[in-house]
Amino acid sequence: MKFFVDTAEVDQIKELNDLGMVDGVTTNPSLILKSGRDILEVTREIAELVDGPVSAEVVALDADAMIEEGRKLAQIAGNIAVKVPLTWAGLKACKVLSDEGNMVNVTLCFSANQALLAAKAGATFISPFIGRLDDINLDGMELISDIRQIYDNYGYETQILAASIRTVNHAYQAALIGADVMTAPPAVIKKMADHPLTDAGLDQFMEDWAKTGQKIV
Ligand code: E4P
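This report concerns the structure included in the present document.

Rules used throughout
Residues numbered from 1 in each chain as written. Predicted model: local features only at pLDDT ≥ 70, side-chain atom pairs only at ≥ 80, totals over all residues. Heavy atoms only, no water. Phe/Tyr/Trp six-rings, centres within 6.5 Å; stacked < 30°, edge-to-face > 60°. Helix = DSSP H or I, 4+ residues; strand = E, 2+ residues; numbered from the N terminus. Buried < 20%, exposed > 50% of the residue type's maximum accessible area, 1.4 Å probe, protein only. Near = heavy atom within 4 Å. Polar contact = N/O pair within 3.5 Å; in protein donor to acceptor, adjacent residues only side chain to side chain. Areas by Shrake-Rupley, 256 points an atom, 1.4 Å probe, with all protein chains shown as cover. Nonpolar A, V, L, I, M, F, W, Y, C, P; charged D, E, K, R; others polar. Core = buried A, V, L, I, M, F, W, Y, C linked by side-chain atoms within 4.5 Å. Arc of directions from axis to C-beta. Contact = heavy atoms within 4.5 Å. Pairing = 2+ DSSP bridges. Right-handed = clockwise from strand over helix to strand, strands pointing away.

What follows concerns the packing of aromatic side chains. All chains considered together, the criterion is met by four aromatic pairs. Ring plane angle 75 degrees and centroid distance 5.6 Å describe the contact between Phe4 and Phe125, whose orientation is recorded as edge-to-face. Residue Phe4 is found in strand β1 (residues 2–6), and its partner Phe125 is found in strand β6 (residues 125–128); the two are separated by 121 residues along the sequence. In terms of burial, Phe4 and Phe125 fall into one category: buried.

Surveying the vicinity of the ligand reveals the residues Asp6, Thr26, Asn28, Lys83, Phe129, Arg132, Ala163, Ser164, Arg166 and Thr183. Between an oxygen atom of the ligand and a side-chain N or O atom of Ser164, the distance comes to 2.7 Å. Against a free-state accessible area of 350 Å², the protein chains account for coverage of 87% of the ligand. Its residues assigned to classes, the shell around the ligand comprises two nonpolar, four polar and four charged.

All right, on to the nonpolar core then. By size, the foremost hydrophobic cluster in this structure holds 59 residues, and its most contacted members are Ile46, Val84, Val106, Ile126, Ile147, Ala162 and Met182. Counting five residues, the second largest nonpolar core, distinct from the first, contains Ala81, Phe125, Leu161 and Val181.

Buried within helix α3 (residues 39–49) are the following residues: Val42, Thr43, Ile46 and Ala47. All buried residues of α3 fall inside an arc of 135 degrees around its axis, so they share one side. In this fold, the buried residues of α3 make contact with α1 (10–18), β2 (24–26), α2 (29–35), β3 (54–57) and β4 (80–85). Where α3 begins, the capping side chain belongs to Asp38, and its oxygen is found 3.1 Å from the backbone nitrogen of Leu40.

So, about the pairing of β6. Of the two faces of β6, the one holding Phe125 and Ser127 and the one holding Ile126 and Pro128 are both buried throughout. As judged from the three bridges shared by strand β5 (residues 103–109) and β6, these two strands associate in the parallel manner. Bridge pairing links Cys109 to Pro128 in β6. With respect to chirality, the unit in which β5 leads through helix α6 (residues 112–120) into the neighbouring parallel β6 is right-handed. Of the strand pairs in this sheet, β6 and strand β7 (residues 159–162) are connected by two bridges, and their pairing is parallel. In the sheet register, Phe125 faces β7, and the bridge partner there is Gln159.

Function cannot be read off these values alone, since they describe shape.
Take a look at the structure:
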């Protein structure tokens, strides 16, 4: 499973990237706002840092304007994936931008039918939002599972990018189902290393080691 980091905070991306944990990055207008950075500048910086796809989102609502913005974002670097919303206009923009050879990430996907349309429009990635479905008492993971089955039924190559991941359990379940990619905030990725039995076991080893009076170096 590929790990994308869902942030525009360069320091946090760098920390995980140095550990080999980063296969790509996703940003969105809210994350750009949070970073306080200029979209073109920060996207360029991230794209230079990371080898894999860096998603940068258009903000226009009609297809022609999305295409114009998408072309500009794609010019930032060779590893930009243009992010478009899952609207009819977004699907039109997806088709044009992907036909031009750009990676396209279709975002704000909340149904399997939407994912099917994105695949037909040539999306490189489809981003179903797990956490936001859970927020309204729907099952985000069931959506990942449905899209996996539908894409496998017909051999669509669009990659399932499990998004809006809020917990380590989301990450685990998305991996079990076979999402191609997950994008998660740095804190969730780091939390995947935690286990209370690891902590308890380490405490015991440290206690016993101290009693040996030995040193390794
Ligand atoms: C994905 O590309 C989105 O940026 C992100 O996963 C949204 O997550 P949220 O629902 O926690 O804001």
